[in-house]
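Chain by chain, the residues run as shown.
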Amino acid sequence: MQIRLIDEDRYAQEMRDTVLPALARCRDEGWFDPAAVEATERPEGLDPAPTPGKLHYVCYDAGKFDAIRESGATAAFRGAIVISHGFTEFAAKYAEMVWYFLLAGYSVCVLEHRGHGHSVRDVDNKSLVWIDDWRRYVADLAAFAETVGQQYAGGMPINLFAHSMGGGIGAAVLEQHPTLFDKAVLTAPMIAPATGMPNWAARILSEGLCALGLGRHIVFGQSEFTPEISMADHPGASEARVRWFQQLRVEDERCQTYAATFEWVRQALRLSQAVIQPAACAQVETPILLFQAGHDMWVLNGPQDHFVNLVRNGGGEAQIVRVPNSLHEIFSMPNAVLGPYVHRILDFLDDPLTVAL
């Protein structure tokens, strides 16, 4: 399936003049009650429960989109795609990917994870991300897909597109809810985070610091959000896309999450340990397409390979596509990289020979 990509030389103009107006005409937003998490284990000293509140989501209806008659739209409904975003991200960042999915005939549903975007958060500092138990992320995403996602799928396939932290969450959902999704795309998934040290050492350090009451403290070496940006930090990426993403943050303070707390790191490492268990991987029934970025500074590639092998050993179907010249956010790369990435995703989702077990 071929989709015309947005012209990087006219990126902001195309987004403002074509993409965003079209998305607005098929966009619905709502609020979702967080799912209950059973048997959560909270270390002594943590709050007994997170801040009450709702999770924010945005959905795009393929039928309403087709009625606009945008050039390049297939006008053939193929189901729904649930997007699970990455650490410090938010729904609006995925507008371009949503546009491509709509052109291909999919409705799209984006849940903003707890502590991100306009969803409820548990710390006052808008730059920080904190979570008391990684299983909240998993329970919320599964419940959202089972209700809102299925509604937009309308009896057709429901698929998962999950990036980075959202990919780690998505992997856990695939293990715990093996029949929920028909297909899953994990893009640079956080099977294991890159912590700057061996993860066994990071685990000991984060456990100790949280035990000392520093769970809500910003991780050493990270900083709060600032509007300035340097392309030197994004070598090889599409400058138009990187600057667009940054402007979204500047314009909406709810989208200025930027740094981890020690508790988030502890929970990310606990998620990693759980996802990589052979018995858990053997539960996966959903066909997986995993994209691996060659220049990834935020997640480790080795554990992704191990995860895919464990899924295969357990009888599941999983394949890896390595993008050697890409940074962590493959969807932020120039069209020469983005094009094959988008088309490979769409071909995978549309392949009738790739079906759930």
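Thresholds applied
Residues numbered from 1 in each chain as written. Predicted model: local features only at pLDDT ≥ 70, side-chain atom pairs only at ≥ 80, totals over all residues. Heavy atoms only, no water. Helix = DSSP H or I, 4+ residues; strand = E, 2+ residues; numbered from the N terminus. Rg over C-alpha atoms; globule rule 2.2 N^0.38 Å. Buried < 20%, exposed > 50% of the residue type's maximum accessible area, 1.4 Å probe, protein only. Expected span 1.5 Å × (residues − 1). Phe/Tyr/Trp six-rings, centres within 6.5 Å; stacked < 30°, edge-to-face > 60°. Lys NZ or Arg CZ within 6 Å of the ring centre and 35° of its normal. Contact = heavy atoms within 4.5 Å. UniProt positions renumbered as here; feature names shortened; annotations may be inferred. Axes fitted to C-alpha atoms, helices over the stretch in contact; angles between N-to-C directions. Parallel < 35°, antiparallel > 145°, perpendicular 65-115°, else oblique. Left-handed = near helix turned anticlockwise from the far one by under 90°. Nonpolar A, V, L, I, M, F, W, Y, C, P; charged D, E, K, R; others polar. Pairing = 2+ DSSP bridges.

Going by an unreviewed UniProt entry, the protein chain carries the name Alpha/beta hydrolase and comes from Bifidobacterium moraviense.

(A) Spatial organisation of the overall build of the protein chain. Looking only at helices and strands, one finds 11 helices and 10 strands in the protein chain. In summary, the protein chain has a C-alpha radius of gyration of 19 Å against a globular reference of 21 Å for 357 residues, a match within 12%. Each principal axis of the C-alpha atoms in the protein chain carries an extent, and together these give about 60 × 50 × 40 Å. By residue count, 56% of the 357 residues in the protein chain fall in the buried class.

(B) Spatial organisation of helix α8 (residues 262-275). Between its first and last C-alpha, α8 extends 20 Å over 14 residues, near the 20 Å set by a 1.5 Å rise per residue. With 11 of 14 residues buried, α8 lies mostly within the body of the structure. Among the residues of α8, those classed as buried are F262, E263, W264, V265, R266, Q267, A268, L269, L271, S272 and V275.

(C) Molecular detail of the packing of aromatic side chains. Considering all chains together, one arrives at 12 aromatic pairs under this definition. Centroid distance Y57 to F144: 5.3 Å. Interplanar angle 55°. Geometry classified as tilted. Here Y57 is found in strand β2 (residues 55-60), whereas its partner F144 is found in helix α4 (residues 134-153), with 87 residues between them in sequence. By relative accessible area, F144 is classed as buried at 0%. Ring plane angle 70° and centroid distance 5.4 Å describe the contact between F101 and F161, whose orientation is recorded as edge-to-face. Taken together, the residues F101 in helix α3 (residues 95-103) and F161 in strand β6 (residues 158-163) connect sequence positions 60 residues apart. Classification of F101 by relative accessible area gives buried; the value is 1%. By the ring-pair criterion, three or more aromatic residues cluster together here, those being Y94, F101, F161, F245 and F331. It is K93 that lies over the ring of F245; its NZ or CZ is 5.1 Å from the centre. Over the ring of W130 we find R216; its NZ or CZ atom is 4.0 Å from the centre of that ring.

(D) Local environment of the side chain of T88. The topology assignment puts T88 in the loop between β3 (79-84) and α3. Not counting the four nearest positions on each side in its chain, T88 is found in contact with H116, V129, R249, T257, Y258 and A259.

(E) Spotlight on the UniProt feature "domain: Serine aminopeptidase S33" (unreviewed entry) in the protein chain. Here the UniProt feature "domain: Serine aminopeptidase S33" (unreviewed entry) sits at residues 78-331. Across residues 78-331 one finds 39% helix and 18% strand; the C-alpha atoms that close the span lie 22 Å apart.

(F) Fine view of the packing of α3 against helix α11 (residues 335-350). Two elements in contact, α3 and α11, have axes whose closest approach is 11 Å; the angle formed by their N-to-C orientations is 45°. Judged by the inter-axis angle, α3 sits oblique to α11. For the element pair α3 and α11, the recorded crossing hand is right-handed. For the pair α3 and α11, contact is made by E96, M97, Y100 and F101 and by L338, Y341, V342, I345 and L346, respectively. Considered class by class, the residues forming the contact of α3 with α11 number 8 nonpolar, no polar and 1 charged.

(G) Quick look at the sheet that holds β2. If you trace the 8 strands from one edge of the open sheet to the other, you get β1-β2-β4-β3-β6-β7-β9-β10, paired in mixed fashion. The sheet is open, and its two borders are formed by β1 (27-32) and β10 (318-327), each paired with just one other strand. Taking the axes of each pair of neighbouring strands and ignoring which way they run, one obtains an average angle of 20° across the sheet. Summarising the sheet, β6 and strand β7 (residues 183-187) pair through 5 bridges and their orientation is parallel. Looking at the pairing, L160 lines up with A184 of β7. Packed on one face of the sheet, α3 meets β2, β3, β4 (106-111) and β6 and runs near 155° to β4.

(H) Up close: the side chain of Q292. Relative to the helices and strands, Q292 resides in strand β9 (residues 288-295). Once residues within four sequence positions are removed from consideration, Q292 is found in contact with N301, Q304, D305, I320, V321, R322 and V323.

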